[in-house]
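Coordinate inspection notes
Listed here are the chains, written in short residue letters.
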Amino acid sequence: MTEPLITLKNFFERARDGALTGVRCGKCGALAIPPKEFCESCHQRAWEPVALSGQGTIASYTIIRVAPARHAAEAPYAVAVVKLKEGVSLLGRIVDMPLDKLQVGLPVKFRPLVSKDQTTVGFGPA
Amino acid sequence: MRRAAVIGVGVTKFGKHDRTSAELFAEAARDALADAELPPSAVQALYYGNVVGGETEKQLHTGPQAASVLGIPTVPTTRFEAACASSHAAFRHAVMEVAAGLSDVVLVGGAERVLNVSTAEATEYFAYASDAVWEQSVGLTFPGVFALIARAHMTKHGTTEEQMAHVAVKNHRHGALNPKAQFQKEITLEEVLASAYVADPLKLYDCCPFTDGGAAVVLVSEEIARRRRRAIWVLGSAAASDSMLMHDKRDLARVPATERAAAAAYRQAGLGPENVDVVELHDCFTIAEIVATEGLGLFEPGSGGIAAEKGWTSLGGKVPVNTSGGLKAKGHPIGATGAAQIVEVVTQLRGEAGPRQVEGARIGLTHTLGGNTATVLVSLFGRD
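Residue indices begin from 1 for each chain and proceed along its sequence in written order. Both sets of labels track the order of writing: A upward for chains, 1 upward for ligands. Local features in this predicted model are restricted to residues whose pLDDT is 70 or higher, and side-chain atom pairs enter the listing and the counts only when it is 80 or higher, whereas totals over whole chains, interfaces and linings include all residues.

What follows deals with the domain arrangement of chain A. All names here are of chain A. Taken domain by domain, chain A holds domain 1 (8-52) and domain 2 (55-125). Of note, the centres of domain 1 and domain 2, computed from C-alpha atoms alone, are 21 Å apart. For the purpose of contact definition, each residue receives a C-beta atom placed from its backbone, and two residues are in contact when these atoms lie within 7 Å. Residue-level contacts link 10 residues of domain 1 with 10 residues of domain 2. A run of H or I in DSSP counts as a helix once it spans at least four residues, and a run of E counts as a strand once it spans at least two, with each numbered from the N terminus. The set of elements that each furnish at least two residues to the side of domain 1 that touches domain 2 consists of helix 1 (8-16), strand 1 (20-25) and strand 2 (31-32). Here the bounds of each domain stem from an automatic or database domain assignment.

Here the focus is the sheet that holds strand 7 (residues 213-221) of chain B. Residues and elements named next belong to chain B. Each pair of strands is called paired provided DSSP finds at least two bridges between the two strands. Spatially, 3-2-4-7-1-8-11-10-9 is the arrangement adopted by the nine strands of the open sheet, whose pairing is mixed. Every interior strand has two partners, whereas the edge strands, strand 3 (77-80) and strand 9 (278-280), have only one. Here the average twist between neighbouring strands, direction ignored, is 25 degrees. In the sheet, strand 9 pairs with strand 10 (residues 363-370) via three bridges, with the strands oriented parallel. Bridge pairing in strand 10 places Val279 opposite Leu365. The convention used is that axes are lines fitted to C-alpha atoms, helices contributing only their stretch in contact, and that angles between N-to-C directions extend from 0 to 180 degrees.

Attention now goes to the confidence of the model for chain B. Residues and elements named next belong to chain B. As a per-residue measure, pLDDT reflects the predictor's confidence and takes values from 0 up to 100. Mean pLDDT for chain B: 98, with 100% of residues reaching 70 or above. For chain B, helix 5 (residues 119-127) is the element with the lowest average pLDDT, namely 93, and strand 9 is the one with the highest, namely 99. What the predictor reports for the complex is a pTM of 0.98 with an ipTM of 0.97.

Another aspect to go through is the packing of helix 4 (residues 86-99) of chain B against helix 14 (residues 337-349) of chain B. Residues and elements named next belong to chain B. At a closest axis distance of 5 Å, the pairing of helix 4 and helix 14 adopts a crossing angle of 70 degrees. In this view, helix 4 runs roughly perpendicular relative to helix 14, as classed from their interaxial angle. On helix 14, the residues that touch Ser86, Ser87, His88 and Phe91 of helix 4 are Thr337, Gly338, Ala339 and Ile342. Gly is put with the polar residues, along with every residue not named as nonpolar or charged; the nonpolar set is Ala, Val, Leu, Ile, Met, Phe, Trp, Tyr, Cys and Pro, and the charged set is Asp, Glu, Lys and Arg. Residues of the contact of helix 4 with helix 14, tallied by class, amount to three nonpolar, five polar and no charged. Oblique is the label for any angle not covered by the other classes, which are roughly parallel (under 35 degrees), roughly antiparallel (over 145) and roughly perpendicular (65 to 115).

Our next topic: the interface of chain A and chain B. Contact residues are listed per partner, giving 29 residues for chain A and 28 residues for chain B. Mapped onto the side of chain A that touches chain B, the elements with two or more residues apiece are strand 4 (55-64), strand 5 (77-84), strand 6 (89-94) and strand 8 (118-125) of chain A. Of the residues in the side of chain A that touches chain B, the class split is 18 nonpolar, seven polar and four charged.

Residue and element names in this part refer to chain B. Domain parsing of chain B yields domain 1 (4-117 + 211-232) and domain 2 (130-207 + 235-331 + 342-382). A straight line from the C-alpha centre of domain 1 to that of domain 2 covers 23 Å. Elements with a contribution of two residues or more to the side of domain 1 that touches domain 2: strand 1 (4-11), helix 4 and strand 7. Each residue belonging to the side of domain 1 that touches domain 2 can be placed in one class, and the counts come to 14 nonpolar, four polar and three charged.

Here we take up the pairing of strand 7 of chain B. Residues and elements named next belong to chain B. Think of it as a crowd count around each C-beta: if 20 or more other C-beta atoms lie within 10 Å the residue is buried, if 12 or fewer it is exposed, and in between it is partly exposed, with C-beta placed from the backbone throughout. Burial within strand 7 is extensive, with eight of its nine residues counted as buried. Taken together, the seven bridges between strand 1 and strand 7 define a ladder with antiparallel strand orientation. Across the sheet, Ala5 pairs through a bridge with Val220, a residue of strand 7. Here strand 4 (residues 105-112) pairs with strand 7 via eight bridges, running antiparallel. Bridging from a neighbouring strand, Ala111 pairs with Gly214 of strand 7.

What follows is the structure, given as structure tokens:
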């Protein structure tokens, strides 16, 4: 009862295998991306893990042309907030889609981006 | 609770300096104390803002360092880190210390040095104020954060890149009137629209520059303020926070923390947006000014772009915004910005702003935003 339901480490271990895991509040039904200790809507702690489809649409996006030092070699690249089918949103790197064809509302699908020991959130064509 | 007032202000020239942030703060603080007609020995506490000192100067504990360079090493000093809102957060806490009766004279300020590192390094350090695991990892930058907001605002309200460009043109026009501004040069709408994309839809001239600089204000109790002719009263000072992560925000076209901080500050002051004569707000990017004018209640949600286009926020307009040139033209030394905005509003309310003076200004507002819109502070000021 006291251990966290899903840690960041758990989330990204599952994400590495292609599975996105959200949490749903057993009291009010709010859906969230972990880690969250209390539900920000009702402040209860009654989370249940829920599998997310990874399918969604672009809510907003940008093309980063001036990148931080450690991403400089990757620029230009697109980053988007994607509204998932289930209602929560997730920020990720857009891959394998032409930058000039991106638009709000475009369907995309989750794809783990794995480099060495780090997994990050990516989205590719639906 | 006691009333508090600002009786001294100081700010360095903004731009590139070959001095440490502590030296820049000390210059601004020296000017603020002289303006307040108080000796350094009168200062009972220092509330200080500095953000990326750990990275650009390899320097932590920048509060006591700044106090030592100023020459007040034994004064209790606290450094605040609230990203770009750091010295405004420091100011709010200083107001509480004076209001609570713990101190009668508190020095507030901040400084930042970033032009000693490359743009790519500075871009990375500023991105440390977004989430390391979810956001820095995918290469999100600060222009990127506001580009996501801009795209959402354009989609929801029809705001255009040209309307955003009007903000840049206006703030450069104001900055040209401010001898402390980093850019004292007017620019045209065409130049803004032709500048290169940094993070689409934001272009170079939609972005504030990297800046070195320091700012300071002297905050005192009512008893001391009553002995000064140019005291400017603090009518309200409020903070609000919001979700850290961009993906947790329910509406990317809004900044709810601005709306909440403004509501609290207006309530404290017994005022509303219709009472405000002059505004210094957080225009780190042109879209940030548009969204802030809406969140502060100066214009209806979705109409901030129209207000910029129509000139309603210009000197001579309905409510002049960023008469200093704003972060866009005056510059944005992040740890100093909140204090520097207060310097401008105090200068305006004293009627000492020269060619950029808003005639008859009685009520002023400052608004400072930190990080991914996760911290906002709003303060209201008035003259007797």
